Amino acid sequence: QVQLVESGGGLVQTGESLRLSCVASGGIFLSQHMAWYRQAPGKQRELVAGITPNSITNYASSVKGRFTISRDNPKNTVYLQMNSLKPEDTAVYYCNARHTWSLSVYWGQGTQVTVSS
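Residues numbered from 1 in each chain as written. Predicted model: local features only at pLDDT ≥ 70, side-chain atom pairs only at ≥ 80, totals over all residues. Heavy atoms only, no water.

> Would you mind going over the pattern of salt bridges in detail, with residue names and values included?
Inspection of every chain in the model, using the stated rule, returns three salt bridges. Between glutamate 46 and arginine 38 there is a salt bridge; the shortest N-O distance is 2.8 Å. Owing to a relative accessible area of 35%, glutamate 46 belongs among the partly exposed residues under this scheme. As a salt-bridge pair, arginine 38 and aspartate 89 come within 2.9 Å of each other at their nearest N and O atoms. With arginine 38 in strand β4 (residues 32-39) and aspartate 89 in the loop between β8 (77-82) and β9 (91-99), this pair connects stretches of sequence that are 51 residues apart. Summarising the burial analysis for this pair, arginine 38 and aspartate 89 share the class buried. When salt bridges with common partners are traced through the structure, they connect Arg38, Glu46, Arg66 and Asp89 into a single cluster. (Salt bridge = Lys/Arg side-chain N within 4 Å of Asp/Glu carboxyl O. Buried < 20%, exposed > 50% of the residue type's maximum accessible area, 1.4 Å probe, protein only. Helix = DSSP H or I, 4+ residues; strand = E, 2+ residues; numbered from the N terminus.)

> Give a detailed account of the packing of aromatic side chains, specifying residues and quantitative values.
Summed over the entire model, instances satisfying the criterion amount to two aromatic pairs. With 5.0 Å between their ring centres and 70° between their planes, tyrosine 37 and tryptophan 107 make a pair best called edge-to-face. Of this pair, tyrosine 37 sits in strand β4 while tryptophan 107 sits in strand β10 (residues 106-107), placing them 70 residues apart in sequence. A relative accessible area of 35% places tryptophan 107 in the partly exposed class. Three or more aromatic residues joined by ring pairs make a cluster, and in this case those are Tyr37, Tyr94 and Trp107. (Phe/Tyr/Trp six-rings, centres within 6.5 Å; stacked < 30°, edge-to-face > 60°.)

> Can you explain the state of the cysteines? Please cite residues and give values.
In total, this model carries one disulfide according to the counting rule given. Between the sulfur of cysteine 22 and that of cysteine 95 lies a disulfide, 2.0 Å long from S to S. The disulfide joining cysteine 22 to cysteine 95 has a torsion of about -85° about its S-S bond and is therefore left-handed. On the criterion of sequence distance, the pair formed by cysteine 22 in strand β3 (residues 18-25) and cysteine 95 in strand β9 is long-range, its members being 73 residues apart. Each member of the pair cysteine 22 and cysteine 95 is classed as buried. (Disulfide = S-S within 2.5 Å.)

> An account of the side chain of glutamine 32 is requested, with residue identities and associated values reported.
When you line up the elements, glutamine 32 lands in strand β4. For glutamine 32, a relative accessible area of 1% translates into the label buried. In contact with glutamine 32, other than residues within four places in its own chain, are Val2, Ala24, Gly27, Ile51, Thr52, Pro53, Arg71, Ala97, Arg98 and His99. (Contact = heavy atoms within 4.5 Å.)

> Could you give an account of the sheet that holds strand β7 (residues 67-72), naming the residues involved and the relevant values?
The strand order β1-β3-β8-β7 describes an open sheet built from four strands, whose pairing is antiparallel. Two strands lie at the open edges of the sheet, namely β1 (3-7) and β7, each paired on one side alone. Strand-to-strand twist of the sheet, defined as the mean angle between neighbouring strand axes without regard to direction, takes the value 15°. (Pairing = 2+ DSSP bridges. Axes fitted to C-alpha atoms, helices over the stretch in contact; angles between N-to-C directions.)

> Explain the pairing of β9 to me, and be specific about the residues and the numbers.
Among the nine residues in β9, seven count as buried, and that is most of the element. Bridge analysis of β4 against β9 gives eight bridges, and the strand direction is antiparallel. Counted as the bridge partner of histidine 33 is arginine 98 from β9. By the bridge criterion, three bridges tie β9 to strand β11 (residues 111-116) in an arrangement that is antiparallel. Bridge assignment links tyrosine 93 to a residue of β11, and that residue is threonine 111. With antiparallel pairing between neighbouring strands as the criterion, β9 and β10 make up a hairpin whose turn holds six residues.

Right, here's the structure in full:
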């Protein structure tokens, strides 16, 4: 039902920035908890940042102070501003959505972020 489309990934050098975008459709965006996860090769998918419908945010300790999650409700879009990127940030980044009344989750296709040293 919910479709998520990520964009904005790419190849950058250590210390540079990227801004990921995720456009949601087919759901009720104002009722969706949104999140960014990432998965590096051979590793488990991990939560990077989350944001509630009323814009309460949370971050993994590894990215706190460097990454910022935000949402633009009129555009049904969630962003992940990634600053001071490190090689360990290299992963496929996935957008995630969950309605407040459900534990069912929806995933985007992922966007590759590669940070070279």
